[in-house]
Amino acid sequence: AGKLSEEDKKKVTDAISSTTSWLDSNQNAEKEEFEAKQKELENIVLPILQSLGGGAGAGGMPGGMPGGFPGGEFPGGGMPGAGGPTSGAADAADDGPKIEEID
């Protein structure tokens, strides 16, 4: 495993700060907008993390939870849409209540 350079640390910190600011000011954004913002952040951060851990790919980050997220909601231990492995469980998880249905 390598060490994070100051340049990479600044890239990651700036990307997280920018995304956090966007999230704070766009809490009513559409799902697609959140997903696009997540993808932007991942495009910056994941290559850096992968270079550190020798490839923190589909199974989640090294040292992550074996078997994925508790409750099995997110197969592979990643966030939904993060490019991890998918299975029928991911499709079944989408059958839950929608935001519009919650009071």
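Quick caveat, the model's predicted, so the values are computed rather than measured.

Colleague: Summarise the pattern of salt bridges; cite the residues concerned and give the values.
Modeller: Per the stated rule, a full pass over the model turns up five salt bridges. A salt bridge links E35 to K31; the nearest nitrogen and oxygen atoms lie 3.7 Å apart. One end of the pair is E35 and the other is K31, both in helix α2 (residues 31-53) and four residues apart, which spans about a single turn.

Colleague: Explain the packing of helix α1 (residues 6-25) against α2 to me, using residue names and the numbers behind them.
Modeller: If you want to describe how two helices pack, look at the angle between their axes and the distance between the axes. α2 packs onto α1 with a crossing angle of 170 degrees between their chain directions and a minimal axis gap of 9 Å. By the criterion of interaxial angle, the relationship of α1 to α2 is roughly antiparallel. Here D8, K11, V12, A15, I16, T19, W22 and L23 of α1 come into contact with α2, specifically with E33, F34, K37, L41, I44, V45 and I48.

Colleague: I'd like a description of α1, backed by residues and values.
Modeller: Along its 20 residues, α1 runs 28 Å from first to last C-alpha, staying within 8% of the 28 Å computed at 1.5 Å per residue. Where α1 is concerned, the buried positions are V12, A15, T19 and W22. The buried residues of α1 all sit within an arc of 100 degrees when viewed along its axis, so they share a single face. Exposed side of α1, more than 90 degrees from the buried face: E6, K10, D24 and S25 are the residues found there. For α1, the elements touching its buried residues are α2.

What counts and what doesn't
Residues numbered from 1 in each chain as written. Predicted model: local features only at pLDDT ≥ 70, side-chain atom pairs only at ≥ 80, totals over all residues. Heavy atoms only, no water. Salt bridge = Lys/Arg side-chain N within 4 Å of Asp/Glu carboxyl O. Helix = DSSP H or I, 4+ residues; strand = E, 2+ residues; numbered from the N terminus. Axes fitted to C-alpha atoms, helices over the stretch in contact; angles between N-to-C directions. Parallel < 35°, antiparallel > 145°, perpendicular 65-115°, else oblique. Contact = heavy atoms within 4.5 Å. Expected span 1.5 Å × (residues − 1). Buried < 20%, exposed > 50% of the residue type's maximum accessible area, 1.4 Å probe, protein only. Arc of directions from axis to C-beta.

None of this, on its own, says anything about what the molecule does.
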